[in-house]
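# Close look at the chain arrangement
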Amino acid sequence: MAADLNRAHAFYGELFGWGFRPTRQGHGRYTIAYTEGGVPTVGIGGSSPSAGVALPVTWTTYFAADSADEVASRIQERGGTVAVGPLEFGSGRVAWAADPDGANFGIWEGDLTSAWWGERRPGAPVWLELRTRDAFEAALFYGQVFGWDSHERERCDVRFEHDRVVLHIDGKAVAGLRGGAIEAAPDPNVRPRWRVYFCVKDVDEVAGRGVELGGGVLSQPIDTPYGRIAALRDPEGGIFYVAAVKKLPDAGDSADRS
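Parameters at a glance
Each chain has its residues counted from 1, following the order in which its sequence is written. Only residues with pLDDT of at least 70 get local features here, since the model is predicted, and only at 80 or more are side-chain atom pairs given and counted; chain-wide, interface and lining totals rely on the full set of residues. Only hydrogens and water are set aside when side-chain values are computed; all heavy atoms of the structure are taken into account. Think of it this way: any DSSP run of H or I at least four residues long counts as a helix, any run of E at least two long counts as a strand, and we number them from the N terminus. The classification of residues rests on relative accessible area computed with a 1.4 Å probe and restricted to protein chains. Under 20% of the type maximum is buried, over 50% is exposed, and intermediate values are partly exposed. Neither His nor the chain termini are counted; the positive set is Lys and Arg, and the negative set is Asp and Glu. In what follows, salt bridge is the name for a side-chain nitrogen of Lys or Arg lying within 4 Å of a carboxyl oxygen of Asp or Glu. Counted as a polar contact is a pair of N or O atoms within 3.5 Å, where, for protein atoms, one must be capable of donating a hydrogen and the other of accepting one, and residues adjacent in sequence contribute only when both atoms are in side chains. To be clear, the arc concerns the directions from the helix axis to the C-beta atoms. Two strands are counted as paired when DSSP detects at least two bridges linking them. Axis definition: a line fitted to C-alpha atoms, over the contacting stretch in the case of helices. Angles run 0 to 180 degrees between N-to-C directions. Contact criterion: two residues are considered in contact whenever any of their non-hydrogen atoms come within 4.5 Å of each other.

## Re the side chain of Asp234
For Asp234, the position within the fold is in the loop between β14 (227–233) and β15 (239–245). No salt bridge forms around the buried Asp234; measuring N to O, its nearest opposite-charge neighbour Arg233 is 6.5 Å away. A distance of 2.9 Å separates a polar side-chain atom of Asp234 from the backbone nitrogen of Gly237.

## Quick look at helix α4 (residues 203–212)
Those residues of α4 not exposed but buried are Val203, Val206, Ala207 and Gly210. Taken around the axis of α4, the buried residues stretch over an arc of 100°, which confines them to a single face. The opening residue of α4 is Asp202, an N-cap whose side-chain oxygen sits 3.1 Å from the backbone nitrogen of Asp204. Downstream of α4 by one or two residues, Gly214 has phi in the positive range, about 105°.

## Points about the sheet that holds strand β3 (residues 39–46)
Here 3 strands make up an open sheet; going across it, the order is β1-β2-β3 and the pairing antiparallel. Of all the strands in the sheet, just β1 (19–22) and β3 have a single pairing partner and so form its edges. Strand after strand, the sheet turns through a mean of 30° between neighbouring axes, direction not considered. Of the strands in this sheet, β1, β2 (29–35) and β3 touch helix α1 (residues 5–16), which is tilted by about 10° from β2.

And the structure:
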């Protein structure tokens, strides 16, 4: 969600090489970003001035649901909050919620246009990570809400690896849950939140280019077991992450028991 859609297009289009196409999703201005080859990657919505509500500039992680209403009920039953919806949104239904520690996320009931998670294509989301107070409590919450451990979700596998809880879908690692977040922290980078990582070839070059385009660096590039990463912000304050991924954990990796 961006306050100025044109400004967001200019920044992210230059940074990641995205192209944009308008869509009829929702009730305001909304576009789909495409990576090289015309692959749909993310959605960017612009706040409507007529709405009279100042929506935060933020990247939101959405989880697919067979029934947005059933998922919304399970969120509330397990201590989470449903802030908006479920309501009609273009060709589907959507709701916005928060887990018990305050990390925001969305629910989407409708068609899924792509399955790019874990693909190391420049400009595409390659990893999701939840920074939360307690990773195991969070895994229980999300697992129960989305049925990760039910017979209907045989595609899903949740395990502890490399100091985090990792969610695999169809044998591919797509998300991690890590503890240590502090809800009242003055630094938004360490508060409970879902982080979206975009794949890039050179983290340092992208971080420098982001600053030149009017953004900023929240955490300088560092090396991790999976590759080099950095935390950035766009010109309107939206936080996102970039990663030059050399290896994502997969279902064949051995769990880290240390």
